[in-house]
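Residue-level structural notes
Now for the letters of each chain:
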Amino acid sequence: MVMIKVKKLPHDAGPAAWNSILANRIAAPALAERRNADWLIIGAGFAGLAAARRLRELHPVDRIVLVEASTVADGPAGRNSGFMIDLPHDLSSDDYGGAVDADRQQTVVNRAAIKFAENTAKDFGLNEEALVVSGKINAAATSNGLANNRDYAAHLTTMQESHELLDAAQMKSITGIDYYQGGLFTPGTAMLQPALYIRGMADGVVRMGVDLYEKSPVVSLQLAGTDWIAKTPSGAITAPRVILAVNGHAESFGFYQRKLMHVFTYGSMTRRLCADDVKRLGGEARWGITPADPMGTTVRRLSGIGGDRLIIRNRFTYNPSMEVTSNRLDRVALSHNQAFKARFNSLGDIPMEYTWGGRLCVSRNNVQAVEEVRPGLFTAVCQNGLGAAKGTLGGMVVAELASGYSSELVRQVSGQGGLKSLPPEPIAWVGANAIIRWDEFQAGREL
Ligand SMILES: Cc1cc2nc3c(=O)[nH]c(=O)nc-3n(C[C@H](O)[C@H](O)[C@H](O)COP(=O)(O)OP(=O)(O)OC[C@H]3O[C@@H](n4cnc5c(N)ncnc54)[C@H](O)[C@@H]3O)c2cc1C
């Protein structure tokens, strides 16, 4: 008999700002009964919601149940920076690039995910603020950053990908600030208001007949004959096929032990900018920049449902416990304020209204796990910090894989060759944190 007791439930650090600035939403009920289904999906992030949508397309009358430990858009999928990136974006490299053939393949599959998300957003009637393919800029604040951008641009030329190098004046006219010496624009990234997108996805799959339960963490999974029984604190679901879309929490279900690196990154969002602030800032009303050095600071300028705001994202920490303390958030808030002041000093004192952290799951060899791990039990996890595109991709593909479909996409995404083991603790902890700190130090003004 296979009996899995879930060792740890997700704990999200700080408020989910993107979700907090939207109107209140009535959550779906918690599971409070014993019921049967044809499919159970665990986790309502990018992967779980994409799997729900794809399964519904493939099986119009099957009973599909989706359970989420937290509330929709409060988990990592609703608290990220909202870049659904088409091009290679290896966070452990110097300039995001890797081997040309592998990067070409990755770009093709990322674009399949973006297309899927775009079509879904259209079918579900989401507005442009939830998802728009408007591209992104790798911004450079230092000569090293400019060199990274040039290297990456050369890589894109080899890949025959369109891109445009921007000078300091162009960067100023977009951002309103003169912090950046240059930028590299690529057109294929979809920009999300992540909480609006995730809410819209959840509402859309429910309208398609998927049964959603929130505040319903799965605490155990048991194989009884050919059925899995998933227990939550006040209910249970029996289903022959289960999709585990919980990213790093796959380890809490006993899978991929010592193969998943649990990393946190952090965001802060200002209070609403008033008309005066907006005027003083200048530039365009909406933009998004990733740092030319992967260890640098991501910045977004929003203008929409939650008002005009600026968002800072930086710092990584390796946390095998999958949790961070409020002290850590306090220290990160200082780093965010520093990065904000360095860039937006001309705005004077604009306080951050929210500071939060969120989990990433990274593998040592930068691959995902999309596969059948036990009879009828499938995973779509380990998105390597790029879950907007890769989680969506994993969800689409796992739905097809579990339905017995084979295609080039399924072959490519599910056959990534397995996750490489991590070194033992405390070597991994000391090594990972030392490398992160050193790389952040080296990032200089990019941070
Ligand atoms: C500050 C920040 C900025 C980021 N920026 C970007 C970005 O710009 N672009 C990008 O691509 N990625 C970004 N990321 C990473 C991205 O958010 C993740 O890669 C993505 O959310 C992973 O998607 P997922 O669906 O696989 O997992 P998740 O979004 O983590 O969803 C898994 C869900 O499973 C639920 N769950 C876990 N255990 C259980 C259980 N026992 N029972 C039921 N449910 C359970 C969790 O509550 C969670 O909602 C960022 C992350 C952070 C924190």
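Before any of the text, the structure's been laid out above.
Just so it is clear, the model here is predicted, and its values are computed rather than measured. (Residues numbered from 1 in each chain as written. Predicted model: local features only at pLDDT ≥ 70, side-chain atom pairs only at ≥ 80, totals over all residues. Heavy atoms only, no water.)

Quick look at helix α2 (residues 46-58)
For α2, built from 13 residues, the straight-helix expectation of 18 Å at 1.5 Å per residue is met to within 8% by its first-to-last C-alpha distance of 18 Å. Counted residue by residue, α2 has twelve buried out of 13 residues, so it is predominantly covered. Buried within α2 are the following residues: Phe46, Ala47, Gly48, Leu49, Ala50, Ala51, Ala52, Arg53, Arg54, Leu55, Arg56 and Leu58. (Helix = DSSP H or I, 4+ residues; strand = E, 2+ residues; numbered from the N terminus. Expected span 1.5 Å × (residues − 1). Buried < 20%, exposed > 50% of the residue type's maximum accessible area, 1.4 Å probe, protein only.)

Considerations on the site of the ligand
Around the ligand sit 33 residues in total, of which Phe46, Glu68, Phe83, Gln383 and Gly387 are the nearest. Taking Ala47, its main chain carries an N or O atom lying 2.9 Å from an oxygen atom of the ligand. Val218 is positioned with one of its backbone polar atoms (N or O) 2.9 Å from a nitrogen atom of the ligand. Protein chains shield 97% of the accessible area of the ligand, which is 1000 Å² for the free molecule. Listing elements by their share of the shell around the ligand, those giving two or more residues are α2, β20 (352-362) and α9 (387-402). (Near = heavy atom within 4 Å. Polar contact = N/O pair within 3.5 Å; in protein donor to acceptor, adjacent residues only side chain to side chain. Areas by Shrake-Rupley, 256 points an atom, 1.4 Å probe, with all protein chains shown as cover.)

Focus: the packing of helix α3 (residues 100-123) against α9
Each pair of packed helices can be summarised by the angle the axes make with each other and by the distance between the axes. Between α3 and α9, the shortest axis-to-axis distance is 8 Å and the interhelical angle comes to 80°. Judged on the interaxial angle alone, α9 and α3 are roughly perpendicular. When α3 is examined against α9, the residues Gln106, Val109, Asn110, Ala112, Ala113, Phe116 and Ala117 are found in contact with a partner set consisting of Ala389, Lys390, Thr392, Leu393 and Met396. Class assignment for the residues of the contact of α3 with α9 results in eight nonpolar, three polar and one charged. (Axes fitted to C-alpha atoms, helices over the stretch in contact; angles between N-to-C directions. Parallel < 35°, antiparallel > 145°, perpendicular 65-115°, else oblique. Contact = heavy atoms within 4.5 Å. Nonpolar A, V, L, I, M, F, W, Y, C, P; charged D, E, K, R; others polar.)

Comments concerning the layout of surface pockets
As a volume, the second largest pocket reaches approximately 430 Å³. Around the second largest pocket, the lining comprises 24 residues; the ones closest to its centre are Ala102, Gln106, Asn366, Val367 and Gln416. Contributing elements (two or more residues each) for the lining of the second largest pocket: α3, α9 and α10 (408-414). Here the lining of the second largest pocket takes six residues from α3, the largest share from any one element. Of the residues assigned to the lining of the second largest pocket, the class counts are nine nonpolar, twelve polar and three charged. (1 Å grid on protein atoms, 1.4 Å probe; cavity = no way out; pocket = protein on both sides within 12 Å on 5 of 7 lines; lining within 4 Å. Points joined across faces, edges and corners; volume = space filled by probe spheres on them.)

As for unusual backbone geometry
Residue Pro426 follows Glu425 across a cis peptide bond; omega there is 5°. With respect to the helices and strands, the residue Pro426 is situated in the loop between α10 and α11 (427-443). Positive phi outside glycine occurs at Lys215, with the angle close to 50°. With respect to the helices, strands and loops of the structure, Lys215 is situated in the loop between β11 (211-213) and β12 (220-224). At Cys382, a position not held by glycine, the phi torsion is positive, near 65°. In this structure, Cys382 sits in the loop between β22 (377-381) and α9.

Some details on the sheet that holds strand β3 (residues 39-42)
Within the open sheet, the six strands sit side by side as β11-β4-β3-β15-β22-β21. Their pairing is mixed. At either end of the open sheet lies a strand with only one pairing partner, and these are β11 and β21 (369-374). Across this sheet, the average inter-strand angle for adjacent strands is 20°, counted without regard to direction. In this structure, strand β15 (residues 241-244) lies alongside β22, joined through three bridges in parallel fashion. Bridge pairing links Leu244 to Thr379 in β22. (Pairing = 2+ DSSP bridges.)

Looking at the sheet that holds strand β6 (residues 131-133)
In space, the three strands of this open sheet follow the order β5-β10-β6, with antiparallel pairing throughout. Either end of the sheet is taken by a strand with one partner, and the two such strands are β5 (83-84) and β6. Bridge analysis of β6 against strand β10 (residues 190-192) gives three bridges, and the strand direction is antiparallel. Across the sheet, the residue bridging to Val133 is Ala190, located in β10.

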